[in-house]
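Examination of the molecular architecture
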Amino acid sequence: MVKAWKSLILLFLLFFKNGNCAKNVIDIIIENTQPIKIKENRRLPLFVWVSIPLNVTEEELKLYLNQLIERNIVVFTKWYIPKEEIENEIKEAIKIDRIKKDLSFPVAIDATSIVYGFFDGSQETGHIDEKGKVFFDMSFSPNVKMGCPFRIEKRYYIIKERLEKFLKAYKDEGIEIKYWVVDWEIDGPIEWNSAWDNSKKCVICRKNIKDIENFDEFQKVIKRKRADLQREVFVNTVKKYFPDCLTGNYAVNPHDGYRYWWDYFEKEVEGATYQRKHNALFRRWFDEFKYSGYTIAMPVIYTWYRFFNDYNFEEKEYRWFYPLLKEATSVGKNTSENIPIISFVHWQTVVKPKQLPSDFVPLSREKYKELLWHLLFKGFDTFCLWSPLNEIAEEIKVLHEVYSESFKYNDFILKGEPVFWDVPEEADCVISGLKMKNKLLIIRSDFKKEKSVMKVKIDHKKIEIPIISGPFILEIK
Ligand SMILES: [Zn+2]
């Protein structure tokens, strides 16, 4: 996610609070969405990566939660490490979640704040060069001293202990945690940016990574360590208290062995294995999900600005659609049915420069909505909206429109089988669909000026897909 924007959100929240402005983020969410009329408990809720502001009264909180329940929207309770007394922070979180429990509102925890700091900047966590000098890798963030992946095990206990305090308090209160997720990014072992160069200079890394001169081997060791850390410190600890709780981390998901996008802090490494499409590099990716033990896949479907320059499709909207569809296909096709896919999503261009090129074309609202349908028809279960506050009104509106409408097709979404996986290499017609018995629920997106009826084969039968916008049902005859 984008850290600078997060601080911006905090600033906004402070402004709203201190300016005594009545509108907070929950008001914005409620104002821009409608109750869902069709009830279906088996569908997962729509998540929004925000929490209830702390300055609301108990009555206001209940009112908010009831309105969110009507909309099937879940917001998170954030766990923080306060400057003083962790017990106070636990009490604050429990105060909110006790009310959520009473109203049967699913308890979802964003534990990001409390799981950070394996690399706490201490000398004991740094790399060590041949002369015995400790050094750090500052290539990820000027604020994070990334150190040696093999010198953080002492930190495991500190973070685990912090986490257990929260978990135990919830258990003692009889509050069941249903979803436990984090946005854990710039911390712990990562193979990108200058990590490889630095590890090669470190005597501890050299001792621990057999074939360190080979990036693929380096990546395997580093990512396996990252996955093991998450299993041991996060997943197993949560499970100890709440065995049925679903756990996940931002951008950790099953895939086809490649990743089709770059996070805001990631830089290319010469010597890594890539596939190229136009100027875009698809990176070979390790199966972090499998070893981490997470039970939710949390892919990231954001319109990163970079896509616009990485591709040269003349039909410019396809520059957004193509990589996001590649990622969605990779995740949808490789995630087993028992693992829910809760995708982070954001429509408006992410990490935009101040000055946009004159030929810039963002992803249109219409095409974004279609993209969301494609995700649902490729096996995605639901979404988790991440958004800066100034964009959240539009973001939740468009996302909730698709999510609510998808309730018309609950059976397909719950039981249907995704049947189309083709991502056209040129801007063309994109089809996704769910099959249930002899029926197909279809969405098609057209990127060519001349549209035509598409002919496909399902169960050895020829199907014609007419030019229709929005989802529609066809019979397989
Ligand atoms: Zn090292």
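Everything in this summary refers to the structure shown in the same document.

The rules we used
Residues numbered from 1 in each chain as written. Predicted model: local features only at pLDDT ≥ 70, side-chain atom pairs only at ≥ 80, totals over all residues. Helix = DSSP H or I, 4+ residues; strand = E, 2+ residues; numbered from the N terminus. Rg over C-alpha atoms; globule rule 2.2 N^0.38 Å. Buried ≥ 20, exposed ≤ 12 C-beta atoms within 10 Å, placed from the backbone. Contact = placed C-beta atoms within 7 Å. Pairing = 2+ DSSP bridges. Core = buried A, V, L, I, M, F, W, Y, C linked by C-beta atoms within 7 Å. Axes fitted to C-alpha atoms, helices over the stretch in contact; angles between N-to-C directions.

Our focus in this paragraph is the overall build of the chain. Counting secondary structure elements, the chain contains 15 helices and 19 strands. Computed over its C-alpha atoms, the radius of gyration of the chain comes to 23 Å, within 12% of the 23 Å expected for a compact globule of 477 residues. A principal-axis box enclosing the C-alpha atoms of the chain has dimensions of 70 × 60 × 45 Å. Counting the 477 residues in the chain, one finds 42% classified as buried. Within the chain, contacts between residues at least 6 apart in sequence are counted, and of these 77% link residues at least 24 apart.

The next thing to look at is the pairing of strand β16 (residues 439–446). Of all 8 residues that make up β16, 6 are buried, and the element is covered over most of its length. Direction of pairing for strand β15 (residues 429–436) relative to β16: antiparallel, over a ladder of 8 bridges. Looking across to β16, one finds that Leu434 is bridged to Leu441.

Once that is clear, we can look at the nonpolar core. Counting residues in each nonpolar core, the largest one holds 125 residues, and the members touching the most others are Phe47, Val48, Val75, Ile109, Phe383 and Leu385. When sequence neighbours within four positions are dropped, the list of residues in contact with Ile109 reads Phe76, Thr77, Trp79, Ile177, Tyr179 and Trp180.

A word on the sheet that holds β15. Spatially, 4 strands are ordered β14-β15-β16-β19 in an open sheet, and the strand pairing comes out antiparallel. With one partner strand each, in any of the chains shown, β14 (417–418) and β19 (472–475) form the two edges of the open sheet. Sheet topology note: the β16/β19 ladder contains 4 bridges and is antiparallel. Of the residues in β19, the one forming a bridge with Ile442 is Phe472. Against the sheet, helix α13 (residues 365–376) engages β15 and β16, with an angle of about 145° to β16.

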